[in-house]
Amino acid sequence: MENVESAKLIALVLDGEVDIEARDSALYRVLTESLRPRLLRRFRAYEKRAPFAFEDALQEFFLYLRGEGNNAYSIFRDLRDASAAEAWILTTFRNFVSKKSRYGVPAAAVDVS
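Residues numbered from 1 in each chain as written. Predicted model: local features only at pLDDT ≥ 70, side-chain atom pairs only at ≥ 80, totals over all residues. Heavy atoms only, no water.

**Student:** Pulling in residues and values, what's your account of the packing of aromatic side chains?
**Tutor:** Scanning the model with the defined rule gives seven aromatic pairs in all. Ring geometry for Phe54 and Phe93: centres 6.4 Å apart, planes at 85°, overall edge-to-face. Pair noted here: Phe54 is in helix H4 (residues 54-66) and Phe93 is in helix H6 (residues 82-103), with a separation of 39 residues, a long-range link. Each member of the pair, Phe54 as well as Phe93, is classed as buried. Taken together, Phe43, Phe54, Phe61, Tyr64, Phe93 and Phe96 form an aromatic cluster joined through their ring pairs. (Phe/Tyr/Trp six-rings, centres within 6.5 Å; stacked < 30°, edge-to-face > 60°. Helix = DSSP H or I, 4+ residues; strand = E, 2+ residues; numbered from the N terminus. Buried < 20%, exposed > 50% of the residue type's maximum accessible area, 1.4 Å probe, protein only.)

Printed below as a string of structure tokens:
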């Protein structure tokens, strides 16, 4: 786990007793603040092929995770360990960017439902 703040935010996201708005806020902060440097490193591997900017990728990834009927968020919520959840976020983001880069589809144009 890179830092205590990340662990606390992920624990909040995984807490089923916390309202959805607080979980969404915590997840957004995990992506845009505490894991940002590590997500950026993963994005840079695909940057030349990616038809979108890093900020767009972060926004679309958040929406992807929170999409209606999306299996990704339910898998994430089943994780109970903050370290496992962090690793899952990093791997899923890499796969998300890789897929969008491979097919040359701008992230904003992708239907995530």
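**Student:** Tell me about the environment of Asn95, and name the residues and values.
**Tutor:** Residue placement: Asn95 occurs in helix H6. Put simply, Asn95 and Arg42 are 53 residues apart on the chain and 9.5 Å apart in space, counted from C-alpha to C-alpha.

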